[in-house]
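One letter stands for each residue in the lines below.
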Amino acid sequence: MKNKHLSAVIFGPQGSGKGTQGTLLAERLNIPLIGAGELFRDEISEKSTLGNLVAQYVNQGLLVPDELVNAVMARHLKRVDLSHGFILDGYPRNVEQAEALDRILPINLAIQLKIDDTEVVRRLSGRMQCPKCKSVYHETEAPPVKKGICSLCGTPLIKREDDKEEVIKLRLQAYHYMTAPLAGYYRQRGVLLVINGEQPIHYVFEDIVKKISKLGFAV
Ligand SMILES: [Zn+2]
């Protein structure tokens, strides 16, 4: 079958660039990118019945149960036009959610952005932000002119809590435990596409486009 629509899931650890790649791909194919994080924030701010339930967990710092996550996603997916395809980012987070998604809306491709833990730590722990003008720097990739000082406004740079090495490592552990098993699940379904996420952004994108085109998707 040629030129079929892409109904995809994109996953990888934080720092793998999956948000960026999802955005680029959605633009290129002119299909919706559905970001679970954003969707949940919207649901909470709308104060819908489901949103209020989600908020109770989030406010206590608890993991939102799969049933609730699946219900929010199912409701949203019914409301958007998916007839030309779609990309999901941030959902499913684990195999149980992937099974639920298959019951609601079967996908035909799962893109895994593979990146080594040490590279994730290097990418994220080097980030620094200006607390005043919010400019973002990286110790090695995009350093400020003067070490530790914002090049734009001269304010001393800070490291966000999320970008501290211990926090990154904890998140990676959770990713390996919860989300990485999606690779096995989707491989068994015959829809897994593994992409080397350690290449520069531009190359990663070209790699994805080339490979999905070979698989017969309209790009
Ligand atoms: Zn600044």
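Computed from a prediction, not measured in an experiment: that's the story for all the values here.

> Can you tell me about the environment of Arg-122, naming the residues and giving the values?
Within the secondary structure, Arg-122 is located in helix H6 (residues 117–125). Separated by 107 residues in the primary sequence, Arg-122 and Gly-15 place their C-alpha atoms 9.4 Å from one another. Once residues within four sequence positions are removed from consideration, Arg-122 is found in contact with His-138, Thr-140 and Glu-141.

> Please set out the coordination of the zinc ion residue by residue, giving values where relevant.
Around the zinc ion, the protein contributes the donor atoms Cys-130 (SG), Cys-133 (SG), Cys-150 (SG) and Cys-153 (SG), at 2.3 Å from the metal centre. Of note is the zinc ion, whose 4 donor atoms meet at the metal with angles of 100 to 119° in an arrangement that counts as tetrahedral. Linear spacing of the donor residues for the zinc ion on their chain is C-x2-C-x16-C-x2-C. Within this pair, whereas Cys-130 is found in the loop between strand E5 (127–129) and strand E6 (136–138), its partner Cys-150 is found in the loop between E6 and helix H7 (165–179), the two being separated by 20 residues in sequence. An identical accessibility class is assigned to Cys-130 and Cys-150; each is buried.

> Any details on the nonpolar core? Residues and values, ideally.
Formed by 30 residues in total, the largest nonpolar core has its most connected members in Phe-11, Met-73, Leu-88 and Tyr-186. Sorting the residues of this core by element identifies strand E1 (7–11), helix H2 (36–46), helix H3 (49–59), helix H4 (66–79), strand E3 (86–89), helix H5 (95–104) and helix H8 (182–189) as the ones contributing at least two each. Here this core takes 5 residues from H4, the largest share from any one element. Excluding anything up to four places from it in sequence, Met-73 contacts Ile-34, Ala-36, Leu-39, Phe-40, Leu-88 and Tyr-91. Judged by nonpolar contacts, the second largest core, of 19 residues, contains Ala-26, Leu-29, Leu-113 and Leu-193.

How each quantity is defined
- Residues numbered from 1 in each chain as written.
- Predicted model: local features only at pLDDT ≥ 70, side-chain atom pairs only at ≥ 80, totals over all residues.
- Heavy atoms only, no water.
- Helix = DSSP H or I, 4+ residues; strand = E, 2+ residues; numbered from the N terminus.
- Contact = heavy atoms within 4.5 Å.
- Donors = N, O, S within 2.8 Å, 3.2 Å for Na, K, Ca; no water.
- Tetrahedral: all angles 85-135°; square planar, octahedral: opposite > 155°, others 65-115°.
- Buried < 20%, exposed > 50% of the residue type's maximum accessible area, 1.4 Å probe, protein only.
- Core = buried A, V, L, I, M, F, W, Y, C linked by side-chain atoms within 4.5 Å.

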